[in-house]
Amino acid sequence: MPELAEVEFFRKRWSAGHGAKVLAVRLHAGKKIFRDCDPAQLTRHLTGAKLLSSTTAAKQMLFEFSGTGLPRAESRWLGVHLGMTGELRVEPPGYEAAAHDHLILVQRERLLVFKDPRMFGGVRFHHGKTAPVWWTRIAPAILSPAFTVEVVAAFLQRRARAPIKAVLLMQERFPGIGNWMADEVLWRAAIHPQRPAGSLSVAEVRTLHRECRKVCRLALDTIAGEGDYLPPDLNAHIPKSWLFWHRWSDGGRCPRTKQPLVREEVGGRTTCWSPARQKRG
DNA sequence: ATTGATGTTGTCGG
DNA sequence: GCCGACAACATCAA
């Protein structure tokens, strides 16, 4: 489920616990979720710590906790990646862990729950003054000034022979873009997903760059909500005019041309496009 | 029973 | 060493 805006949606749920202490940590040690960290260390350092703040970058979240007192300048950092099926929830006190609730941070007024059935996601832990390298080395956001047409053009040249759809999924340059967002971008830009990345014209690269930014902005506003507002569900406010609602199964129609959509594997992922709008060429 | 799913990573061949 | 293709990972729902 989780791409850029969905990740932000889930982060916002846990932000209900900002300013509150973690009384206890409950986890399923040994689960694959913990492959990149030591569950015992995570438990030791987060118990008694206060959740200070959180941010997202690409498809990842970072939660910062203060210590219980000792080295004042040191923070504890919890990184979360939701993989394919991960989600964060808030449950009331007394909640008992259900299947696949692999990590729970217990606070006095709520429980912060991380659930992930397929366990392609994971958590990481770091202890120190500043955010860990596995966080700081994430590529600059698509909505940041660093994401320029020039940078995109250069990247497409380096990946010239790969289908543009596959290139859009590369987190090193398009952080946060996932399968449905890539399709949404190409559909809006009217570019065929199988086009080699190096074959796009200068004008097409400019359009692609613009639509990347637009889709990120629109997705964040409608899925994660503006400001403090958090929509009741992930999809609650996604307009029917997006490809999103029409791409998941065969037989869909392009919301713009009303012509049939095609679904086929491109770059190893199911890809949906509108042949009437996205031509090869 | 079979198939596919909103993601990443390691491996292999060119 | 870089690039691109693909299998593997673990579970559930249609």
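Residue positions are given per chain, counted from 1 along the sequence in the order it is written. Here the convention is simple: chains get letters from A, ligands get numbers from 1, in the order in which they are written. In keeping with the predicted nature of the model, local features appear solely for residues at pLDDT of at least 70, side-chain atom pairs appear and are counted solely at 80 or more, and the whole-chain, interface and lining totals rest on all residues. Water and hydrogen atoms play no part in the side-chain values, which are based on all heavy atoms of the structure.

1. Overview of helix H6 (residues 179–189)
Counting buried positions along H6 yields 11 of 11 residues, so the element is predominantly enclosed. Note on classification: 1.4 Å probe, protein chains only; a residue is buried when its accessible area is under 20% of the maximum for its type, exposed when over 50%, partly exposed between these limits. Labels follow the DSSP assignment, with helices taken as runs of H or I lasting at least four residues and strands as runs of E lasting at least two, numbered in each case from the N terminus. For H6, the set of buried residues is Asn-179, Trp-180, Met-181, Ala-182, Asp-183, Glu-184, Val-185, Leu-186, Trp-187, Arg-188 and Ala-189. In this analysis, two residues are considered to be in contact whenever any of their non-hydrogen atoms come within 4.5 Å of each other. Buried residues belonging to H6 abut helix H1 (4–14), helix H5 (164–168), helix H7 (202–224) and strand E10 (269–273). The first or second residue beyond H6 is Ala-190, which carries a positive phi of 60 degrees.

2. Focus: the pattern of salt bridges
One side-chain nitrogen of Lys or Arg within 4 Å of one carboxyl oxygen of Asp or Glu is enough to make a salt bridge. On inspection of all chains with the given rule, the structure shows 16 salt bridges. Between Glu-211 and Arg-210 there is a salt bridge; the shortest N-O distance is 3.8 Å. A single salt-bridge network, built from bridges that share partners, covers Glu-87, Arg-89, Glu-91 and Asp-101.

3. Let's talk about the side chain of Gln-278
Turning to its location among the elements, Gln-278 is positioned in the segment after E10. Here a polar contact is recorded for every N or O atom pair within 3.5 Å, except that within protein the pair must consist of a potential hydrogen donor and a potential acceptor, and residues adjacent in sequence are included only if both atoms are side-chain atoms. Of the polar contacts made by the side chain of Gln-278, one reaches the backbone oxygen of Ile-191; its length is 3.0 Å. What Gln-278 contacts, discounting residues up to four positions off in sequence, is Leu-186, Trp-187, Ala-190, Ile-191, His-192, Pro-193 and Trp-273.

4. Focus on the domain arrangement of chain A
For chain A, the assigned domains are domain 1 (4–137) and domain 2 (149–273). Each domain's limits were defined by an automated method or a database of domain assignments. Inter-centroid distance (C-alpha atoms) of domain 1 to domain 2 is 29 Å. Of the residues lining the interface, 10 residues belong to domain 1; the matching set on domain 2 comes to 22 residues. Simply put, the buried area is the total loss of 1.4 Å probe accessible area from both parts when two parts are fitted together. For the domain 1 and domain 2 pair, buried surface summed over both sides reaches about 1,200 Å², with 72% attributable to carbon and sulfur atoms. On the domain 1 side of the interface with domain 2, the three residues burying the most area are Leu-4, Phe-9 and Lys-12, jointly 48% of the side's total.

5. Quick notes on the protein's contact with DNA strand B
Around DNA strand B there are 18 residues in total, and Met-1, Glu-3, Lys-59, Arg-269 and Thr-270 lie nearest to it. Only heavy atoms are used to decide nearness, and a residue is near a molecule or strand if one of them lies within 4 Å of it. The contact atoms of DNA strand B, taken as those within 4 Å of the protein, divide so that sugar and phosphate hold 53%. In this structure, a sugar or linking oxygen belonging to DNA strand B sits 2.9 Å away from a side-chain N or O atom of Glu-3. Within the side chain of Asn-179, a nitrogen or oxygen atom sits 3.2 Å from a phosphate oxygen of DNA strand B. Of all the secondary structure elements, the ones that give two or more residues to the surface near DNA strand B are H6 and E10. Here the nonpolar group is Ala, Val, Leu, Ile, Met, Phe, Trp, Tyr, Cys and Pro; Asp, Glu, Lys and Arg are the charged ones; every other residue, Gly included, is treated as polar. Split by residue class, the surface near DNA strand B holds six nonpolar, six polar and six charged.

6. Side note on the sheet that holds strand E6 (residues 101–106)
Taking strand neighbours across the sheet as the criterion, the four strands line up as E1-E6-E7-E5 in an open arrangement whose pairing is antiparallel. Strands with a single pairing partner mark the edges of an open sheet, and in this sheet they are strand E1 (24–27) and strand E5 (87–91). Strand-to-strand twist of the sheet, defined as the mean angle between neighbouring strand axes without regard to direction, takes the value 15 degrees. Inspection of the sheet shows E5 paired to strand E7 (residues 111–115) by five bridges, in the antiparallel sense. From the neighbouring strand, Arg-89 faces E7, where its bridge partner is Val-113. Contacting E5, E6 and E7, H1 runs over the sheet at an angle of about 25 degrees to E5. This element, helix H2 (residues 39–46), spans E1 and E6 of the sheet and lies at about 160 degrees to E1. For two strands to pair, DSSP has to find at least two bridges joining them. Here an axis means a line fitted to C-alpha atoms, over the contact stretch when the element is a helix, while the angle between two N-to-C directions is reported on a 0 to 180 degree scale.

7. Observations regarding the side chain of Lys-12
Locating Lys-12 in the fold gives a position in helix H1. When charges are tallied, Lys and Arg are placed among the positive residues and Asp and Glu among the negative ones, while His and the ends of the chain are skipped. Comment: no salt bridge for buried Lys-12; closest opposite-charge side chain is Glu-8, at 5.4 Å. A polar contact of 3.0 Å, which involves the side chain of Lys-12, links it to the backbone oxygen of Gly-225. What Lys-12 contacts, discounting residues up to four positions off in sequence, is Ala-224, Gly-225, Glu-226, Gly-227, Asp-228, Tyr-229 and Leu-230.

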